[in-house]
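Notes for the structure review
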Amino acid sequence: MLSCALAGAGASHARERAATITILDGQATLIHAATRLLAKEGAAIEAEDIIETSSSGALMRLEFDGGGTLDLGPASRVMIRPQLASAGNGVLVYVLEGWAKLSLDKPGEQGPVLLACAPLDVTGLARDLVVHVKGMEAELFAESAQVQTLVMNKAGKPEPTKVDKGAFLARRADGTVSVTPRPVPAFIQAVPRAFMDTLPSRLALFKGKDIKLDAGGKLSYDDTQAWLNAEPRMRTRFLARWKPLAQDEPFRRALVAQMALHPEWHKVLFPPQPAGQLASQPGRKPAPHPVISSEALKP
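This write-up is about the structure you can find in this document. Model, not experiment: these values are computed from the prediction. (Residues numbered from 1 in each chain as written. Predicted model: local features only at pLDDT ≥ 70, side-chain atom pairs only at ≥ 80, totals over all residues. Heavy atoms only, no water.)

Points about the pairing of strand β14 (residues 147-152)
Every regular strand shows the same layout, with side chains that alternate between the two sheet faces. Side chains Val147, Thr149 and Val151 of β14 all project onto a buried face; the interleaved residues Gln148, Leu150 and Met152 project onto a face where none is buried. Taken together, the five bridges between strand β11 (residues 120-125) and β14 define a ladder with antiparallel strand orientation. By the bridge assignment, Gly124 is partnered in β14 with Gln148. (Buried < 20%, exposed > 50% of the residue type's maximum accessible area, 1.4 Å probe, protein only. Helix = DSSP H or I, 4+ residues; strand = E, 2+ residues; numbered from the N terminus. Pairing = 2+ DSSP bridges.)

This is the structure:
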């Protein structure tokens, strides 16, 4: 019943547009609040919506109402316009993993942080960049102009790093960072071919249209795990958003079993009793929290 209610609410919701899907070659899903929907061309994307492309997809393009485009390659996960306090609330897109190409109409017009991911933040962009993210590894190509970044160093601190036009930045899992005058051959070979094309805007084709999206099935723990286990500034955003999903017993069991990966959920699943409540009930002892085995706590 919960999943049906969530799905129905998401499918019929009048969406407040932050961006529009103007090209979709392949399959993709949209996660709005706690509801999964099937993406379509012309669909409105709201702030904090999650977009996930399939591994077999060729290209998705989003066009922002304020100007600029975001192209996504296969097997990519992003959140549009997340409200990250640490980034000054100016983030256009957060890339959890996969391939993204961000193009702006005007230099740095969107805010203090334009693109964010766990390994680095982009703080200045004049035109185009291509980024590939996998865990704490990131590769960034400054395609047409200089890019300013804050890269997480080995000590876990953001370090300003400039990437000149045509140059390539690589941040490895061990924290090492290198900037070279041009991309390495492996990166060039792996870049989605669709990123090489210059495509005209298609936003006018969908102006004024209200595209209804079909429900994509209920969200399971496996569907959300990558986001629940993201870096702290992202994963804490889901405590309220996905709390309704914890009413589903399999989802709740999985949260408990993997608590070591997202410990902030402990206070949601096992909230402390109000002060004085136990004292007013003589002879009663607080119920212990479920015992979590050491095996379950392993990543």
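A short note on the pattern of salt bridges
A side chain of one charge can pair with a side chain of the opposite charge if their charged atoms are brought near each other. A full pass over the atoms with the stated rule returns 15 salt bridges. The salt bridge involving Glu52 is made with Arg77; its shortest N-O contact spans 3.0 Å. Of this pair, Glu52 sits in strand β5 (residues 50-53) while Arg77 is found in strand β8 (residues 77-80), placing the two residues 25 residues apart along the sequence. The exposure class of Glu52 is buried, given its relative accessible area of 13%. (Salt bridge = Lys/Arg side-chain N within 4 Å of Asp/Glu carboxyl O.)

Considerations on the layout of surface pockets
What the largest pocket holds in volume is close to 490 Å³. Secondary-structure elements contributing two or more residues to the lining of the largest pocket are β6 (59-64), β9 (93-103), β12 (128-134) and α2 (185-190). The greatest single-element share of the lining of the largest pocket, amounting to three residues, is contributed by β6. The residue makeup of the lining of the largest pocket, split by class, is twelve nonpolar, six polar and eight charged. (1 Å grid on protein atoms, 1.4 Å probe; cavity = no way out; pocket = protein on both sides within 12 Å on 5 of 7 lines; lining within 4 Å. Points joined across faces, edges and corners; volume = space filled by probe spheres on them. Nonpolar A, V, L, I, M, F, W, Y, C, P; charged D, E, K, R; others polar.)

Some thoughts on empty space enclosed by the protein
Summed over the entire model, instances satisfying the criterion amount to one cavity of 30 Å³ or more. Estimates place the volume of the largest cavity at around 40 Å³. Around the largest cavity, the lining residues are Leu24, Asp25, Gln27, Thr53, Gly57, Ala58, Leu59, Met60, Leu72, Gly73 and Pro74. Every element with two or more residues in the lining of the largest cavity is listed here: β1 (19-25) and β6. For the lining of the largest cavity, the per-class residue count stands at six nonpolar, four polar and one charged.

Remarks on the nonpolar core
Among the nonpolar cores identified, the biggest contains 41 residues, and Met60, Leu62, Leu70, Leu102 and Leu129 are the most heavily contacted of them. A per-element tally of this core places β9 first, with four residues. The contacts of Leu62, once residues within four sequence positions are left out, are Ala19, Thr20, Ile21, Ile45, Ile51, Gly68, Thr69, Leu70, Leu72 and Ile80. (Core = buried A, V, L, I, M, F, W, Y, C linked by side-chain atoms within 4.5 Å. Contact = heavy atoms within 4.5 Å.)

Section: the side chain of Arg235
Turning to its location among the elements, Arg235 is positioned in helix α4 (residues 232-235). If we skip the residues at most four places from it in the chain, Arg235 touches Trp227, Leu228, Asn229, Ala230, Leu261, His262, Pro263 and Glu264.

With respect to unusual backbone geometry
For Glu48, which is not glycine, the phi dihedral falls at a positive 75 degrees. Checked against the element boundaries, Glu48 lands in the loop between β4 (44-45) and β5. Of note, the phi angle at Ala75 is positive, near 50 degrees, even though the residue is not glycine. Its location among the elements puts Ala75 in the loop between β7 (69-72) and β8.

So, the side chain of Lys101
With respect to the helices, strands and loops of the structure, Lys101 is situated in strand β9. Since its relative accessible area comes to 7%, Lys101 is described here as buried. Look past the residues within four positions of Lys101 in its chain and what remains in contact with it is Thr69, Leu70, Asp71, Asp128, Leu129, Val130, Glu143 and Phe195.

A short note on helix α3 (residues 221-228)
Along α3, the residues classified as buried are Tyr221, Asp223, Thr224, Trp227 and Leu228. Relative to the axis of α3, the buried residues are bounded by an arc of 145 degrees and lie together on one face. (Arc of directions from axis to C-beta.)

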